[in-house]
Amino acid sequence: MENKEIRKQILNKIIAYEKIIICRHVRPDGDCMGSTIGLREILRISFPDKKIYSIGYQTAEYLSFLSLEDEKLPEEEYKDALVIVVDTANSDRIDNPYYKSGKEIIKIDHHIRVEDFGTINYVDEDMPATACIITELYEENRDILQMNQKAAQALYVGIATDTGRFRYRGVSAKVLRLSAILLDYDLDLEKIYANLYLKDIASLKLQGDVFRKFKSTPNGVLYVYVTNKMQKKYNISPEDAAALVNSLDSVKDSLIWIIFVEQKDKTIRVRIRSRFVAIDKLANKYRGGGHANASGAVVYNGREIKQLVKDADEVLEKFKASEEGWL
Ligand SMILES: [Mn+2]
């Protein structure tokens, strides 16, 4: 079915339900918070008589400036609700134990399609952020839907964070046009970016350790292992430590970079990033996935770390042998 048709179906479901509960993925990031809050605010002002909730169990302190989420609801409350899950490719990652109890479930996502857990499944892999999809839904239904500054700010944050501040390949003219609609709501960009990207001194110090300790494979895969001890030394959460993957993103010829972050339960969270070369299949091999140039995975020991790094090196070797024009 055409995407436009599915968007129409989604809007009709929204119109039909009195109660709508919006859910998202675990370890919430800017796009997942931005698209849930953005969609909630659009629906609240467009349909003041409906009950609209955004409910997640894990929080992200640095995104709290967008707006608070709603109180958790007991399972019975889901039974007559339309549940909309945004920015989440597979049901294992949905950050809400009751989402399945919804009368109907709609999935809205831009990750590579792995699981259709909804009654309606809308996946647009060409969009670099779920917030773009929500903005598009608003834009083509302006006769029914309304936007305000709070919604626009949240959606803008979703697009800005998932595109690395409008740098990644997925940024098209269409994406900029959708972002422009949001900028019409007098957003304070200086404040938005200050909320998103200012660091504290401790994380800069840990970044110093990352720069000292990272290694390179023969073909140029950069990788670093951040232990619990290192996180403790600077009092940095595993979440903030994982964000340091981006500090390895600007090295010539090193097209893949990986951070391994030891978690409190000793499992090792992996963040893999790349330019030009796709790494999502590599992540699939290690219980993960995501996008072609940004994926996550999980490993359990040093042997798996070595194996993953070796596999990444092979991916990069093959890519460099068969492609031209990379930097
Ligand atoms: Mn996203």
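This write-up is about the structure you can find in this document. (Residues numbered from 1 in each chain as written. Predicted model: local features only at pLDDT ≥ 70, side-chain atom pairs only at ≥ 80, totals over all residues. Heavy atoms only, no water.)

### Concerning the layout of surface pockets
Thought 1: Reported here for the second largest pocket is a volume of approximately 220 Å³.
Thought 2: Lining the second largest pocket are K213, K215, Y223, V224, Y225, F260, I305, K306, V309 and K310.
Thought 3: Looking at the lining of the second largest pocket, the elements that each hand over two or more residues are β7 (221–226) and α11 (302–322). (1 Å grid on protein atoms, 1.4 Å probe; cavity = no way out; pocket = protein on both sides within 12 Å on 5 of 7 lines; lining within 4 Å. Points joined across faces, edges and corners; volume = space filled by probe spheres on them. Helix = DSSP H or I, 4+ residues; strand = E, 2+ residues; numbered from the N terminus.)

### What about the sheet that holds strand β10 (residues 289–290)?
Thought 1: Spatial strand order, β6-β7-β8-β9-β11-β10: six strands in an open sheet with mixed pairing. Sheet topology places β6 (215–216) and β10 at the edges, where each strand pairs with a single neighbour.
Thought 2: Sheet topology places strand β9 (residues 268–274) next to strand β11 (residues 294–299); six bridges connect them, and they run antiparallel. When the sheet's bridge partners are listed, I272 is paired in β11 with S295.
Thought 3: Its contacts with the sheet put α11 on β7, β8 (256–262), β9 and β11, and the angle it makes with β8 is roughly 170°. (Pairing = 2+ DSSP bridges. Contact = heavy atoms within 4.5 Å. Axes fitted to C-alpha atoms, helices over the stretch in contact; angles between N-to-C directions.)

### Comments concerning the packing of aromatic side chains
Thought 1: This model, assessed by the stated rule, comprises five aromatic pairs.
Thought 2: Seen in terms of ring centroids, Y99 and F117 are 6.2 Å apart; in terms of plane orientation they differ by 75°. Their pairing is edge-to-face. Remark: F117 occurs in the loop between β4 (104–109) and β5 (120–123) and Y99 occurs in the loop between β3 (82–86) and β4; sequence separation between them is 18 residues. Of the two residues, Y99 and F117, neither departs from the other in class, the shared state being buried.
Thought 3: A centroid spacing of 5.7 Å and a plane angle of 45° characterise the contact between Y156 and F166, whose relative ring orientation is tilted. Within this pair, whereas Y156 is found in helix α4 (residues 149–162), its partner F166 is found in the loop between α4 and α5 (173–183), the two being separated by 10 residues in sequence.
Thought 4: One Lys or Arg, K50, reaches over the ring of F47 and ends 5.0 Å from the middle of that ring.
Thought 5: The lysine or arginine in question, K72, covers the ring of Y57, its NZ or CZ lying 5.0 Å from the ring centre. (Phe/Tyr/Trp six-rings, centres within 6.5 Å; stacked < 30°, edge-to-face > 60°. Buried < 20%, exposed > 50% of the residue type's maximum accessible area, 1.4 Å probe, protein only. Lys NZ or Arg CZ within 6 Å of the ring centre and 35° of its normal.)

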